[in-house]
Amino acid sequence: ARAARAARAARAARRWRGGRPDAREHGELRLSMATACSGTDAPVVAMRVAQEALARRGTFFEFDHVMSCEIEPYKQSFIARNNPGVLLFNDIAECGATPRGKSATTAYGGLAAVPSASMIVAGTSCKDFSNLKGKDRKSIEAMGTSGETFIGFVNLLFEQQHDVGILENVQGAEWDKMAYYIEGRLPLRSVAPGGGGAKVHELRFEVAGDAFVVSEVSEFAAARLGARLLGFREVGARHQSTSKKKPPFFEPGGGALTPISSAQFRGSAVGLASLCERFGLGDDHELCFAAPVAYRTTLAYLDAKEWGVPQTRARKYMLLWKEGSFGEGVEVARRWHELCTHLRCPLKYNVDSFLLADENDAPPLPSTSPSPPPPLSSALGQRRPLRRRPPRLLPPPPPRLPLLPARTARCPVAALTPRPLPPQRVHRFRDALRGPLGRLTAVSRQGGDWWGEQANKDTQANKDFRACRGGKVGQFLKTPLAELSRPYTNWGGQGQASLASHTWWSELVSVLSQRQLDMIDCFGVKAAELGLDPLHHSLWWNISQNVGRTENIPLPGITGCITPGGEHFGPHKGRSILGYEKLLLSGIPADKLLLGTESEVQLSDLAGNAMVMPVVSAAILAVLCLPAYARKLAEDAKFSLASLASHEAGGGARGGAATFSEGQRVELRCGERWEPANIADVNEDGTYDVALAAGAA
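Just so it is clear, the structure is predicted and the values come from calculations on it, not from any experiment.

Brief notes about the overall build of the chain
Right, so step 1: When its secondary structure is counted, the chain shows 20 helices and 24 strands.
Right, so step 2: Nonlocal contacts in the chain, meaning residues at least 24 apart in sequence, comprise 66% of its contacts between residues at least 6 apart.
Right, so step 3: Here the chain has roughly 34200 Å² of accessible surface; of this, 53% comes from carbon and sulfur atoms.

The following block contains the structure:
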């Protein structure tokens with residue numbers, strides 16, 4: 001094993017000798033990872049895919065998955081099945097409240113010490129932050145599901161003191177407050193915009209010795225309960241948020257810290273307003289709190305369709321790191337953003353490329369049991385025995401990916417070997433819709449008259465849309481549509497329908513509610529207004545939401561954000577996207593994972609809560625490449641990532657924009673062929689002396 005690792009290291013050294021930063025020499029191709037609110041553990045799958053890809057190029061990437069944390073039982077089963085031997089904890093709040101080196105409850109009911117890792121990746125709950133909640137949205141301090149999981153993550157981060165962390169959530173999350181919690185600061189202008197707010201006093205402190213300690217939190221101030229106040233300083237640069245509804249973001253102040261002491265304070269508690277008045281603090285100051293570890297943060301807006309996935313899933317990723325963990329003078333935030341941008345991938349395939357065809361279900365495997373004896377009547381000559389045809393064999397399976405030697409039981413690379421699709425997946429789903437459960441669902445959803453006697457606020461929303469008064473902003477109908485005009489479904493009361501195309505899944509349409517059927521008609525007419533035929537163009541509508549919340553003019557070939565309860569319907573296919581297909585649309589190689597008895601609803605939930613794998617992979621790989629990138633810039637101030645992109649696209653001779661160094665391997669165009677060559681010398685005028693490699697024609 002040592003000899004094999006040494007050989008891989010030697011090949012890696014030769015590969016990088018052309019002037020590229022050698023991360024292997026600095027021990028940076030090594031990562032131990034912990035995940036929280038894990039779900040599908042997409043970051044772990046991404047790193048194993050990267051591990052295999054690097055292995056095929058002769059580079060050894062040492063990756064260790066040390067722990068996961070998930071509270072949903074069927075998701076725990078999914079994680080345990082695909083990560084045998086990994087420590088799987090039950091509750092992130094309990095893990096965060098567990099001191100370092102102590103034990104927390106695992107998913108199996110036992111106790112185990114919470115391990116530390118060099119990186120933690122978490123996607124805390126977004127339920128209370130989502131814009132779909134409307135007026136029911138909750139702040140972090142309300143300690144709903146979102147607030148509880150985030151506070152648990154912060155406590156876990158401070159207890160285990162990870163070097164780097166990545167946090168993912170929806171755009172509408174309280175990102176500014178999250179940064180204040182992690183960095184241990186509170187700009188006073190963020191507490192009461194404009195100053196003098198009536199709610200400022202709700203943040204209260206108690207006197208503990210000669211210090212003030214937070215004793216009562218407020219939804220208007222991001223301060224950890226029990227945090228000790230160190231002092232105050234002037235705020236730094238002010239960055240206006242892109243949304244008018246969000247407060248501006250303030251960088252840490254450059255001024256010196258002025259300590260605050262309670263030695264001469266009389267009383268046992270004080271509110272923030274009184275504290276500010278006593279020390280003369282205003283909007284130009286920020287409070288600084290003691291934290292076990294000094295972290296810095298930066299935020300990136302990443303959309304899945306910019307990383308090769310036909311899904312509009314816009315999320316924000318926060319990178320957090322210990323001060324000085326990447327060296328002195330390194331612009332971590334700027335370099336991480338540049339690397340994430342460099343790793344973007346053009347969108348090449350539409351949604352239809354990820355769907356399972358109705359005819360492609362794997363046929364049942366040939367039986368290996370011995371054939372039964374001929375019937376007694378045949379033996380007596382009363383009936384000529386039928387000639388049995390030999391079983392039709394399946395085509396040979398696809399070649400397996402080369403496997404890495406598993407370093408520990410926690411790194412089961414074998415779990416990523418391609419596995420055949422479960423037989424009859426599409427047929428089983430359609431049979432279930434035709435069965436008793438589907439018929440019962442159809443009766444409950446399509447019974448009655450939703451347009452008349454059982455009308456509700458959703459009915460009025462659809463009527464307003466037809467009258468050109470409702471819908472998403474900028475997507476109203478221009479020409480009024482009659483209330484009973486239903487050109488695509490012709491739906492009526494008690495489940496009546498006449499479909500526009502015979503290719504539609506009639507059993508699926510039968511279980512759609514009358515509201516969803518009417519949305520298909522409304523959106524179909526809107527598409528026709530724009531010159532798009534929904535029966536032929538690849539349009540995907542999320543009919544699970546209200547007509548005013550759904551994008552009715554999506555980009556052709558690209559679906560909207562996949563959510564746990566989303567029902568994405570494609571009129572040109574006459575079907576919705578299955579849960580298995582939603583995993584594929586999230587970039588997760590479902591054919592390489594062990595899927596058990598999860599239903600399509602559970603698979604949809606796994607995909608809807610999962611991080612898009614190419615996006616989180618880019619975020620993690622950017623962190624791993626950041627030190628080498630910073631060293632390269634220190635050596636050559638003119639270095640740019642565009643030169644690497646041009647070289648990877650085909651070398652300087654093909655791209656024309658790359659720069660080369662002596663000894664670097666390139667490809668030289670000789671007539672209609674490309675031949676391997678080496679850069680023999682770099683001339684002063686910018687030209688190169690190139691020598692064909694041995695064996696070239």
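This is not the end of the story, as more comes after the structure.
Examining the pattern of salt bridges
Right, so step 1: Within the structure shown, the criterion is met by 24 salt bridges.
Right, so step 2: Here Glu 331 and Arg 334 are joined by a salt bridge, their closest N and O atoms 3.6 Å apart.
Right, so step 3: The salt bridge involving Glu 331 is made with Arg 335; its shortest N-O contact spans 3.3 Å.
Right, so step 4: Sharing partners across several salt bridges, the network here consists of Glu 183, Arg 185, Arg 233 and Glu 286.

Section: the sheet that holds strand E11 (residues 229-234)
Right, so step 1: With antiparallel pairing, the 4 strands of this open sheet are ordered in space as E8-E16-E11-E14. Each edge of the open sheet carries a strand with a single partner, namely strand E8 (185-187) and strand E14 (258-259).

With respect to the sheet that holds strand E2 (residues 62-69)
By way of backbone hydrogen bonds, the strands of a sheet pair with one another, either parallel or antiparallel.
Right, so step 1: Strands sit in the order E3-E2-E1-E6-E7-E18-E17 across an open sheet of 7 strands; the sheet is mixed. The open sheet has two edge strands with one neighbour each: strand E3 (87-89) and strand E17 (295-303). On average, adjacent strands in this sheet sit at an angle of 20° to one another, irrespective of strand direction.
Right, so step 2: Where strand E6 (residues 119-122) meets strand E7 (residues 164-170), 4 bridges bridge the pair, whose relative direction is parallel.

Notes on the environment of Gly 474
Right, so step 1: For Gly 474, the location among the structural elements is in the loop between helix H13 (457-466) and helix H14 (506-509).
Right, so step 2: Sequence separation of Gly 474 and Ile 553 is 79 residues, and the distance between their C-alpha atoms is 9.9 Å.

A word on the packing of helix H2 (residues 42-56) against helix H18 (residues 613-635)
The packing of two helices is summarised by the inter-axis angle and the distance between the axes.
Right, so step 1: Look at H2 against H18: their axes get within 9 Å of each other, and the N-to-C directions meet at 70°. Comparing the axis directions of H2 and H18 gives the class roughly perpendicular. Handedness of the crossing formed by H2 with H18: right-handed. Residues Ala 42, Pro 43, Val 45, Ala 46, Met 47, Val 49 and Ala 50 of H2 pack against Met 613, Val 616, Ser 617, Ile 620 and Leu 621 of H18.
Right, so step 2: Residues of the contact of H2 with H18, tallied by class, amount to 11 nonpolar, 1 polar and no charged.

Some thoughts on the packing of aromatic side chains
Right, so step 1: All chains considered together, the criterion is met by 11 aromatic pairs.
Right, so step 2: Judged by centre distance (6.2 Å) and plane angle (70°), the ring pair of Trp 451 and Trp 491 falls under edge-to-face. Taken together, the residues span a long stretch of sequence, with Trp 451 in the loop between helix H12 (436-446) and H13 and Trp 491 in the loop between H13 and H14 at a distance of 40 residues.
Right, so step 3: With relative accessibility at 3%, the residue Trp 491 sits in the buried group.
Right, so step 4: Joined through ring pairs, the aromatic side chains of Trp 450, Trp 451 and Trp 491 make up one cluster.

Here we look at the pairing of strand E18 (residues 314-322)
Along a regular strand, successive side chains alternate from one face of the sheet to the other.
Right, so step 1: Of all the 9 residues making up E18, 9 are buried; the element is thus mostly covered by neighbouring parts of the structure.
Right, so step 2: Where burial is concerned, the two faces of E18 agree: the one with Ala 314, Lys 316, Met 318, Leu 320 and Lys 322 and the one with Arg 315, Tyr 317, Leu 319 and Trp 321 are both buried.
Right, so step 3: Sheet topology places E7 next to E18; 7 bridges connect them, and they run antiparallel. If you follow Ile 166 over to E18, its bridge partner there is Leu 319.
Right, so step 4: Strand direction decides the pairing type here: E17 and E18, joined by 9 bridges, are antiparallel.

Topic: the nonpolar core
Right, so step 1: Ranked by size, the top nonpolar core spans 86 residues in total, and within it Leu 31, Met 33, Met 119, Ile 166, Trp 336 and Ile 620 carry the most contacts.
Right, so step 2: Per element, the largest residue contribution to this core is 12 residues, and it comes from H18.
Right, so step 3: Sequence-distant contacts of Ile 166, defined by excluding residues within four places in its chain, comprise Met 119, Ile 120, Val 121, Ala 122, Tyr 317, Met 318, Leu 319, Ala 619, Ile 620 and Val 623.
Right, so step 4: Leu 87, Ala 112, Leu 167 and Leu 320 belong to the second-largest nonpolar core, a separate cluster that totals 38 residues.

Reading the values: the criteria
- Residues numbered from 1 in each chain as written.
- Predicted model: local features only at pLDDT ≥ 70, side-chain atom pairs only at ≥ 80, totals over all residues.
- Heavy atoms only, no water.
- Helix = DSSP H or I, 4+ residues; strand = E, 2+ residues; numbered from the N terminus.
- Contact = heavy atoms within 4.5 Å.
- Areas by Shrake-Rupley, 256 points an atom, 1.4 Å probe, with all protein chains shown as cover.
- Salt bridge = Lys/Arg side-chain N within 4 Å of Asp/Glu carboxyl O.
- Pairing = 2+ DSSP bridges.
- Axes fitted to C-alpha atoms, helices over the stretch in contact; angles between N-to-C directions.
- Parallel < 35°, antiparallel > 145°, perpendicular 65-115°, else oblique.
- Left-handed = near helix turned anticlockwise from the far one by under 90°.
- Nonpolar A, V, L, I, M, F, W, Y, C, P; charged D, E, K, R; others polar.
- Phe/Tyr/Trp six-rings, centres within 6.5 Å; stacked < 30°, edge-to-face > 60°.
- Buried < 20%, exposed > 50% of the residue type's maximum accessible area, 1.4 Å probe, protein only.
- Core = buried A, V, L, I, M, F, W, Y, C linked by side-chain atoms within 4.5 Å.

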